[in-house]
Amino acid sequence: MNQDFNIERYLSGGVEKIVKNALKASLSNPRESIFMGKYALASKKASEKRRAAEEAGEHVPPFLIASITSSCNLHCAGCYSRANHACKDCTPVDQLTAEEWKQIFDEASDMGIGFILLAGGEPFIRRDVIEKAAQRQDILFPIFTNGTMVDDTYLKLFDKNRNLVPILSIEGGEESTDQRRGQGVYERLNASMQRMKEAGVLFGASVTVTTENMKEVLSDEFVRSMYDKGAKAVIYVEFVPVTEEAKHLAPGDEEREYIKSRLYELRMKHEDMVLISFPGDEKTSGGCLAAGRGFFHINSHGGAEPCPFSPYSDVNVKTIGLRNAMNSPLFKAIQSENLLMEEHAGGCVLFERREQVEAIIQA
């Protein structure tokens, strides 16, 4: 059996594969299916724009990651964002306004980017930005949230704007989730999932995979439980160790082979769900997709970074725009030095090679 899975193909061409699977996943919900059908057409147009740009010598990545705030209401153990001081408790200053984010979303649409992951901090804190995202119906916005701030207003917003797809973070069962995210968070997550399921809102789950929870979160029972709760997508992200003491939690080569094998089996059994693994699925695409190869990260202040785990920037979209930021000298240097293709121990090659990235930006 061929277990190869090319995530670049999965995410490119307007993210047609994700749309196709999401369309399957939403067949039981007519309103969701109607939106996904319309989005499939928009996705095709986005893919054509990127193809035309490629033929003209310009590479446009199929998706972006946008951290719309650096504030968060939780203190999760091993949080990379707090470790690199990108996430704080106080109200941050000089963050992009909702209107500035709207301009970024508009430019992304013009370039053919039809898939923008909203992250944080906790993105639900920026309702004003999420409302701007809702206006761009030709872009799909998965919103990576801790799931503790779902209220009636958000449910109405998601019901009306099907391009907004909450992705709730969970670590497995109650013990694993509360151990990392705080006492009682699992119960609040379950309540949020129940409310969204009852409201007919399409949502998914995000899981940080460690050596400790790996078998639990890749089990048939866990995926089935997520489906039963209403989640139509599960995104697995390998743990990135931010301290020496946490390195044992990062999956190694043997664990990655297990993850790859289990995902293949789970995709065969759950064809109506979207199941993705980072960076595992990237390896079959010839290396990391960061630094503009497949995506890049925009932080809450507008800095264009290779990815959320590599918080280094030499340009700001606020001053030079999205298209110019995509071609930043830092991104070009990372690509030309083949850093994205190197083997690494943690869940992120650029985090593992951060000294090399720092040397590039200081040069």
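An account of the accompanying structure is given in this report. (Residues numbered from 1 in each chain as written. Predicted model: local features only at pLDDT ≥ 70, side-chain atom pairs only at ≥ 80, totals over all residues. Heavy atoms only, no water.)

1. What about the overall build of the protein chain?
What counts here: By the criteria applied, helices consist of DSSP H or I runs no shorter than four residues and strands consist of E runs no shorter than two, each listed in order from the N terminus. Residue burial is assigned from relative accessible area. The probe radius is 1.4 Å, only protein chains are included, and a residue is buried under 20% of its type maximum, exposed over 50%, and partly exposed in between. Residue contacts follow a heavy-atom distance rule, with two residues in contact if any of their heavy atoms lie within 4.5 Å. Accessible surface area values rest on a Shrake-Rupley calculation with a 1.4 Å probe, where residue burial reflects the displayed protein chains alone.
What the protein chain contains, in helices and strands, is 17 helices and nine strands. The burial tally for the protein chain puts 58% of its 363 residues in the buried class. For the protein chain, contacts bridging at least 24 residues in sequence account for 71% of all contacts bridging at least 6. Accessible surface, the protein chain: about 15,500 Å² in total, of which carbon and sulfur atoms supply 50%.

2. Here's the deal with unusual backbone geometry
A cis amide bond links Gly-120 with the next residue in sequence, Gly-121, at an omega value of 15 degrees. Topologically, Gly-121 is positioned in the loop between β2 (115-119) and α6 (127-134).

3. With respect to the nonpolar core
Here is the rule: For this analysis, a nonpolar core means a set of buried residues of the types Ala, Val, Leu, Ile, Met, Phe, Trp, Tyr and Cys, connected via side-chain atoms within 4.5 Å.
Ranked by internal contacts, the top residues of the largest apolar core, which has 101 residues, are Ile-116, Leu-118, Tyr-236 and Leu-322. The leading source of residues in this core is helix α5 (residues 98-111), at six residues.

4. Remarks on the packing of aromatic side chains
Aromatic ring pairs are reported here in terms of the distance separating the ring centres and the angle at which the planes meet. Quick reminder of the rule: For Phe, Tyr and Trp, rings pair up if their centres lie within 6.5 Å, where Trp contributes its six-membered ring, and each pair is then called stacked (planes under 30 degrees apart), edge-to-face (over 60) or tilted (otherwise).
For the structure shown, the criterion picks out eight aromatic pairs. Measuring from ring centre to ring centre gives 5.3 Å for Phe-296 and Phe-331, while their planes differ by 50 degrees; the resulting arrangement is tilted. With Phe-296 in the loop between α13 (280-283) and β8 (297-298) and Phe-331 in helix α15 (residues 329-336), this pair connects stretches of sequence that are 35 residues apart. Considered together, Phe-296 and Phe-331 belong to a single accessibility category, that of buried residues. Among the aromatic residues, ring-to-ring pairing joins Phe-63, Phe-115 and Phe-295 into one connected group.

5. Observations regarding α6
Worth spelling out the cut-off: An arc is given here, and it is the one of the directions from the helix axis to the C-beta atoms.
The complete set of buried residues in α6 reads Val-129, Ile-130, Ala-133 and Ala-134. Down the axis of α6, the smallest arc covering the buried residues is 150 degrees, so these residues share one side. Residues of α6 that are buried sit in contact with α5, β2, β3 (141-145), α7 (152-160) and β4 (164-169).

6. A few points about the pattern of salt bridges
The line we're drawing: Criterion for a salt bridge: a side-chain nitrogen of Lys or Arg within 4 Å of a carboxyl oxygen of Asp or Glu.
Tallying each qualifying case throughout the model produces 17 salt bridges. Notably, a salt bridge pairs Asp-138 with Arg-136, separated by 3.0 Å at the nearest N-O pair. We classify Asp-138 as partly exposed; its relative accessible area is 23%. Measuring nitrogen to oxygen at the nearest pair gives 2.3 Å for the salt bridge that ties Arg-262 to Glu-265. One end of the pair is Arg-262 and the other is Glu-265, both in helix α12 (residues 253-269) and three residues apart, which spans about a single turn. Several salt bridges share partner residues, and in doing so they unite Lys-102, Asp-106, Arg-136 and Asp-138 into one network.

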